Amino acid sequence: MAFDFDRLVSHRAALVLLVICIISLIIQLVWPSARALSAISLILVAADMLLASILHWRRFRQRPGMWLFHIALAVLIIGFVMAPLLQAKGYFELAEGQTFKGGFIFFHTGAFGPGSPPRWQLLQGPITAHYTRATIGHRIESSLTDQRQQQQLPIRFLEAVMLNGYRIEPTGNMGYAAVLSYRAPDGTVQRGVVNFPAYPNLRNKQKNQFYQPADRWIAAELVMPNPPYRQDRPWSLELPSVYHLKLRYNKQTFKLRPGKEIKLGKGRLRLDGLVRWLGYVVNRDPTAPLMFVAGLVCLLGLGWHWLAVRKPEENSSRG
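Structural notes, computed from the coordinates. Keep in mind that what you see is a predicted model, and the values were worked out from it rather than measured.

**Topic: the overall build of the protein**
- The number of helices and strands found in the protein is 5 helices and 17 strands.
- Relative to a compact globule of 319 residues, whose C-alpha radius of gyration would be 20 Å, the protein shows 29 Å and is clearly more extended.
- Taking the principal axes of the C-alpha coordinates as reference, the protein spans close to 90 × 50 × 40 Å.
- Out of the 319 residues in the protein, the part that is buried amounts to 37%.
- Carbon together with sulfur atoms contributes 59% to the accessible area of the protein, which is approximately 19300 Å² in total.
- Of the side chains in the protein, 38 bear a positive and 19 a negative charge, and the two mean positions are spaced by 5 Å.

Structure (structure tokens):
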């Protein structure tokens, strides 16, 4: 006895699959680990639509717009399910004059995404940030220099730049960073950057810790007698003219001013200056162009079908 494929592509079967899909999506909202269940139900819906388009292509010849809609929607669903498996997301922070060499704060990739983070060499240029008032951002301007391809990438708020298939976009996460130099007893010098919490959102908590080479953790606090933040008028994230670091080391407190150095343990620590840092989000989604085209074709198919149905209705009403 031959199997009746028409039952699989009937309106009743489509309704059942749609209900199962909705239930699985609700379950995923409650238990995010049940993502596989919703993915399977979505794939079944897409397969059902493709099968209906193939088996009933002769019927769809009278309604080409609806046929186009079915095909495009199935592709859109498949792309939606596959996207998390192919995507890659990351975040890094970079201070002025600092070079990024792949040191992501976090980098997540799907099962079929890139095996490792991109190994860029990006030099952070000067950062300018303007605020309308308080914490309401207005404009960010900066640049990243790709030292391998010798090109400069303009950085603007809410604008992404493309590099090797990745979208790099600045966030509103930014602040101040101290540039420090540590001179060891043998004369070798190590230079590093310590980012303080985001400014202005955490302007009253400008504290962080860093590890003194071959010794112990040091608590640092950025002290600015006249900070740039303004509650009721425009302001910019400018470098303060007067500032110092308050350090706590081995139960002792030290004040470190720019250009000065103090003895800490077996070495000496120097504050070279203060710069700004900016956070970046990185996204890679190879399914995005496909989903955009599929979504556009869905709309075109619906529009085509609506016009084709409406035209006979208008002709009959005139008659």
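Right, picking up where we left off after that structure.
**Thoughts on a positive patch on the surface**
- A cluster of like positive charges, contributed by Lys-207, Lys-246, Arg-248 and Lys-251, occupies part of the molecular surface.
- With respect to the helices and strands, Lys-246 occurs in strand β14 (residues 244-249).

**Considerations on the packing of aromatic side chains**
- Scanning the entire structure with this criterion turns up 13 aromatic pairs.
- For the ring pair Phe-100 and Phe-104, a centre distance of 5.1 Å and an interplane angle of 85° mean the geometry is edge-to-face.
- Ring centres 4.2 Å apart and planes at 5° place the aromatic pair Tyr-131 and Trp-235 in the stacked group. You can see Tyr-131 sitting in strand β5 (residues 128-133) and its partner Trp-235 sitting in strand β13 (residues 235-236), a full 104 residues away along the chain.
- Residue Tyr-131 is classed as buried on the basis of its relative accessible area, which comes to 8%.
- Overall, Trp-235 belongs to the buried group, its relative accessible area being 5%.
- Members of the aromatic cluster, joined through ring pairs, are Phe-92, Phe-100, Phe-104, Phe-107, Trp-120, Tyr-166 and Tyr-280.
- It is Arg-203 that lies over the ring of Tyr-229; its NZ or CZ is 3.9 Å from the centre.

**With respect to the side chain of Ser-38**
- Among the secondary structure elements, Ser-38 is positioned in helix α2 (residues 35-55).
- Other than its neighbours up to four places away in sequence, Ser-38 contacts Ser-24, Leu-25 and Gln-28.

**Here's the deal with unusual backbone geometry**
- Of note, the bond from Tyr-199 into Pro-200 is cis; its omega dihedral lies within 30 degrees of zero at 15°.
- Mapped onto the secondary structure, Pro-200 falls in the loop between β10 (189-195) and β11 (207-211).
- The phi angle at Ala-134 is positive, at roughly 50°, despite the residue not being glycine.
- Here Ala-134 lies in the loop between β5 and β6 (136-146).
- In this structure Ala-134 comes out as buried when scored by relative accessible area, which is 8%.
- The phi dihedral of Leu-158 falls on the positive side, at around 65°, and the residue is not glycine.
- Structurally, Leu-158 is set in the loop between β7 (151-156) and β8 (161-163).

Conventions used here
Residues numbered from 1 in each chain as written. Predicted model: local features only at pLDDT ≥ 70, side-chain atom pairs only at ≥ 80, totals over all residues. Heavy atoms only, no water. Helix = DSSP H or I, 4+ residues; strand = E, 2+ residues; numbered from the N terminus. Rg over C-alpha atoms; globule rule 2.2 N^0.38 Å. Buried < 20%, exposed > 50% of the residue type's maximum accessible area, 1.4 Å probe, protein only. Areas by Shrake-Rupley, 256 points an atom, 1.4 Å probe, with all protein chains shown as cover. Lys, Arg positive; Asp, Glu negative; His and termini not counted. Charge placed at Lys NZ, Arg CZ, Asp CG, Glu CD. Patch = residues over 30% accessible without salt bridge, like charges linked within 9 Å, V, L, I, M, F, W, Y side chains within 5 Å. Salt bridge = Lys/Arg side-chain N within 4 Å of Asp/Glu carboxyl O. Phe/Tyr/Trp six-rings, centres within 6.5 Å; stacked < 30°, edge-to-face > 60°. Lys NZ or Arg CZ within 6 Å of the ring centre and 35° of its normal. Contact = heavy atoms within 4.5 Å.

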